[in-house]
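# Descriptive structure summary
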Amino acid sequence: MVNINAVVQNNQRFSNQHSEDDVIGVFAGATSGIGARTLERMTTMYHAPTFYVLGRSSPSHFASQRKALEALNPTCRIIYIEADVSLISGVDLACQQIIAAETRVDYLCMSMGGLPLTGAQLTKEGLETCFTVSYTSRMRLLFNLLPLLNRSTRPRVLSVLNGGKETRISEQDIGLDKNWSVMAVVNHTTLLTSLAFDGIASENPKLTLMHNAPGLVESDNARRRRPLVGVPFLRRVFVGIIRFIFRVRRYFTGMSPREAGERQTFHLTSDKYGPGSLRIDKSSDVVTSNAVLLGYQENGWFGKVWDFTVATWDKALASNVTGT
């Protein structure tokens, strides 16, 4: 376990030594929750960094967050890109803007998503929303930015999800077209992320790819939830119970948003994490492959996962062409 005091001290030491570094970062999911706290802390780590922030809301809705970030560091260059990252086409458009403006990317931090407690919802590209923002869109963002990441001297990729908690999946239904459930989405996106990171790391030896499980973290997501309009009564009751259980568990075992931001910043900057595919727990320790993940690794599942990923991208983009 890496004590939070050690994390804070390491972050400060890193900032003192690297404050003048010219860094470029891309953040998806940083308009609330863990991502927002990570962006906030990263803003103070360097004198004049450039950070791209991808968000669904209009720039005017980001104005207050931008003002707060600029108050922390007036020399930080914040570039907000309005993008629906639940759409593969939305990710592509955002990446096109970044690629046109930059020659490299040093940090890619992805934390968008949430539990789909109100049931499966499809995007206009025909993909289930939570599965997409937790895995499919993240991999597209990484894939698109790989050339720029490989031009960095110290590229870091962080996906905040559920690393180290891989379980068996429905192997004949990777995309959950027939067996969708909340826990199935969590289990599938967790395993797929770890396997995809393994394969990408093997082909991009400079990259540090980190799959983190932050545990329960207090956030403002509860205040930002959409009301349960049109949801059947029994499901509303179920969702209310689940939300209550999560609130109680967060209160007793969860970490504060400030600690979550410090730890994700530590993951992005610390020399503790070298190149390769890493799974990191809520205490910032690197965990070894569990028996389930090891089995999938030994059976060469990266190829199956990547074939599924590319086919899903193609399906989503084809829907934009055909209008179906």
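Now for a description of the structure that goes with this document. (Residues numbered from 1 in each chain as written. Predicted model: local features only at pLDDT ≥ 70, side-chain atom pairs only at ≥ 80, totals over all residues. Heavy atoms only, no water.)

### Topic: the overall build of the protein chain
Rules: Strands are runs of DSSP state E lasting at least 2 residues, helices are runs of H or I lasting at least 4, and numbering of each runs from the N terminus. Accessibility here uses a 1.4 Å probe with only protein chains present; expressed as a share of the type maximum, an area under 20% marks a residue as buried, one over 50% as exposed, and anything in between as partly exposed. Residues are treated as being in contact if the distance between any of their heavy atoms lies within 4.5 Å. Per-residue and other accessible areas were derived by the Shrake-Rupley procedure at a 1.4 Å probe size, with only the shown protein chains allowed to occlude residues.
When you go through the protein chain residue by residue, the secondary structure sums to eleven helices and eight strands. When each of the 324 residues of the protein chain is scored for burial, the buried share is 52%. Across the protein chain, every contact between residues at least 6 apart in sequence was considered, and the portion connecting residues at least 24 apart equals 81%. Of the roughly 15,000 Å² of accessible surface on the protein chain, 54% is carried by carbon and sulfur atoms.

### Section: the environment of Val85
Structurally, Val85 can be placed in the loop between strand S3 (77–82) and helix H4 (88–101). Exposure remark for Val85: the relative accessible area of 11% places this residue in the buried category. With residues up to four places along the chain from it excluded, the contact list for Val85 reads Leu54, Val91, Met112, Val133 and Ser137.

### Re the side chain of Thr136
Along the chain, the position of Thr136 falls in helix H5 (residues 129–149). On the basis of relative accessibility, which here comes to 1%, the residue Thr136 falls in the buried class.

### Overview of unusual backbone geometry
The phi angle at Leu176 is positive, at roughly 60 degrees, despite the residue not being glycine. Tracing the backbone shows Leu176 in the loop between strand S5 (156–160) and helix H6 (182–203). Of note, Ser284 is a non-glycine position whose phi angle comes to about 70 degrees, a positive value. Here Ser284 is to be found in the loop between strand S7 (276–280) and strand S8 (286–287). Taking the relative accessible area as the measure of exposure, Ser284 reaches 0% and is therefore buried.

### Focus on the packing of H6 against helix H10 (residues 291–298)
Defined as follows: Lines are fitted to the C-alpha atoms to define the axes, a helix being fitted only along its stretch in contact, and any angle between axes, read from their N-to-C directions, falls within 0 to 180 degrees. We call two directions roughly parallel when the angle between them is under 35 degrees, roughly antiparallel when it is over 145, roughly perpendicular when it lies between 65 and 115, and oblique otherwise. Should the near helix be turned counterclockwise from the far one by less than a right angle, the crossing is left-handed, whereas a clockwise turn marks it as right-handed.
Between H6 and H10, the least distance of the axes is 11 Å, while the angle of their chain directions is 45 degrees. One element, H6, and the other, H10, form an angle in the oblique class. As for the relative orientation of H6 and H10, their crossing is right-handed in sense. Contacts between H6 and H10 involve Leu191, Ser194, Leu195 and Asp198 from the former and Leu293, Tyr296 and Gln297 from the latter.

### A word on the pairing of strand S6 (residues 208–212)
Spelled out, the test is: A pair of strands is considered paired only if DSSP assigns at least 2 bridges between the two. If the strands point away from the viewer and the path from the first strand over the helix to the second runs clockwise, then the crossover is right-handed.
Of all five residues in S6, five are buried; the element is thus mostly enclosed. Burial along S6 is two-sided: the residues Thr208, Met210 and Asn212 and Leu209 and His211 are all buried. Inspection of the sheet shows S5 paired to S6 by five bridges, in the parallel sense. Opposite Ser159, over in S6, you have His211 as the bridge partner. Traced from S5 through H6 to S6, the parallel crossover comes out right-handed. Both S6 and S7 contribute to a ladder of five bridges, which runs parallel. Bridging from a neighbouring strand, Thr208 pairs with Gly276 of S7.

### A short note on the pairing of S5
Among the five residues in S5, five count as buried, and that is most of the element. Side-chain alternation along S5 places Arg156, Leu158 and Val160 on one buried face and Val157 and Ser159 on a second face that is also buried.

### A few points about the sheet that holds S3
Read from one edge to the other, the open sheet built from eight strands follows the order S3-S2-S1-S4-S5-S6-S7-S8, with strand pairing classed as mixed. The open sheet terminates on both sides in strands that have one partner only, identified here as S3 and S8. Both strand S1 (residues 24–28) and strand S2 (residues 50–55) contribute to a ladder of five bridges, which runs parallel. Bridge assignment links Phe27 to a residue of S2, and that residue is Val53.

### Notes on the pattern of salt bridges
Opposite charge on two side chains lets them pair, provided their charged atoms get close. Our working definition: One speaks of a salt bridge when a side-chain nitrogen belonging to Lys or Arg is within 4 Å of a carboxyl oxygen belonging to Asp or Glu.
Going through the model one piece at a time under the given rule, you end up with twelve salt bridges. When the shortest N-O distance is used, the salt bridge between Glu262 and Arg41 registers 3.0 Å. Note that Glu262 is positioned in helix H9 (residues 257–269) and Arg41 in helix H2 (residues 33–43), a separation of 221 residues in sequence. The pair Glu262 / Arg41 is uniform in exposure class, with both members buried. Connected through shared salt-bridge partners, Asp22, Arg104 and Asp106 make up one network.

### Regarding the nonpolar core
Under the convention used in this document: Note on terminology: a nonpolar core comprises buried Ala, Val, Leu, Ile, Met, Phe, Trp, Tyr and Cys residues joined through side-chain atoms within 4.5 Å.
Ranked by size, the top nonpolar core spans 52 residues in total, and within it Leu54, Ile98, Leu108, Met139, Leu141, Leu142 and Val157 carry the most contacts. Contributions of two or more residues to this core are made by S1, S2, H4, strand S4 (107–110), H5, H6, H10 and helix H11 (301–322). For this core, the leading source of residues is H5, giving eleven residues. Residues in contact with Ile98, not counting those within four places in the same chain, are Val26, Tyr52, Leu54, Ile81, Val105, Leu145 and Leu148. In this structure, Met45, Leu69, Ile78 and Leu158 belong to the second largest nonpolar core, which totals 31 residues.

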